[in-house]
Amino acid sequence: KDPYIYKPDSIMLDLEDAVAENQKDAARFSLYHALKEINYRGCERVVRINGLDTPYWEEDIHCEVAGGCDSIRIPKIESSLDVQRVIMAAIASARGVMKALDICEASERLFGIALSGGDYTKDLQTHITGTGLELMGARQNMIIAARAAGVQCFDTVYTNLDDMEGCRHNV
């Protein structure tokens, strides 16, 4: 319903944290059909795969590509070698932020990097406050690295669906 109600430019369909371990195959099947059958009205369809340290990510990619997603997001990326294995990188740790330029330059196929605010603040042993202060350093470093490498930089996803008005004010 998101493309009809909120009219976002992009939506993220999640196969990682939002899916229980014993539901990965069913979620992949549902995702494939959702990509094929739903009219997203021009909204970009990004799919977040399971981490490269899991046995699920390769099958996730096969499903997404067959379904026709617009882009793939890799969670918890920490090195350029990870990027070379896939396409778009989600930086989720202090180490990833410090290696942002290497990650941005890891592959010609990489079109952008994104901040995974929830995982990043866990790695820093803090939490999302709503002020953005805890993410400021990562945001600045990532935008500089992305511009230096000539790729796009995306902010963390907005997950507080109980405060959609706050989303409009934070954009």
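Presented here is an overview of the structure given in this document. (Residues numbered from 1 in each chain as written. Predicted model: local features only at pLDDT ≥ 70, side-chain atom pairs only at ≥ 80, totals over all residues. Heavy atoms only, no water.)

### Quick notes on the side chain of Arg-28
Basically, it comes down to this: Here a helix means four or more residues in a row that DSSP labels H or I, a strand means two or more in a row labelled E, and each is numbered from the N terminus. Any pair of nitrogen or oxygen atoms within 3.5 Å is treated as a polar contact; in protein, a donor-acceptor pairing is required on top of that, and neighbouring residues in sequence qualify only through side-chain atoms on both sides. In this description, contact between two residues means that some pair of their heavy atoms is separated by no more than 4.5 Å.
Positionally, Arg-28 belongs in helix H2 (residues 24-37). Of the polar contacts made by the side chain of Arg-28, one reaches the side chain of Asp-25; its length is 2.8 Å. Setting aside chain neighbours within four positions, we find Arg-28 in contact with Leu-15, Tyr-56, Glu-59, Asp-60 and Cys-63.

### Some details on the packing of H2 against helix H3 (residues 57-67)
Just so we agree on the cut-off: For helices, the axis comes from a line fit to the C-alpha atoms of the stretch in contact; other axes are also lines fit to C-alpha atoms, and the angle between any two N-to-C directions lies between 0 and 180 degrees. An angle below 35 degrees is treated as roughly parallel, one above 145 as roughly antiparallel, one from 65 to 115 as roughly perpendicular, and anything else as oblique. Crossing handedness is read from the near helix: turned anticlockwise from the far helix by less than a right angle, it gives a left-handed crossing, and turned clockwise, a right-handed one. Three classes are used: nonpolar for Ala, Val, Leu, Ile, Met, Phe, Trp, Tyr, Cys and Pro, charged for Asp, Glu, Lys and Arg, and polar for all others, with Gly counted as polar.
Close contact between H2 and H3 brings their axes to 8 Å; oriented N to C, the two are set at 20°. Here H2 is positioned roughly parallel relative to H3, judged by the angle of their axes. Handedness of the crossing formed by H2 with H3: right-handed. When H2 is examined against H3, the residues Arg-28, Leu-31, Tyr-32, Leu-35 and Lys-36 are found in contact with a partner set consisting of Glu-59, Asp-60, Cys-63, Glu-64, Ala-66 and Gly-67. A class-by-class count of the residues in the contact of H2 with H3 yields five nonpolar, one polar and five charged.

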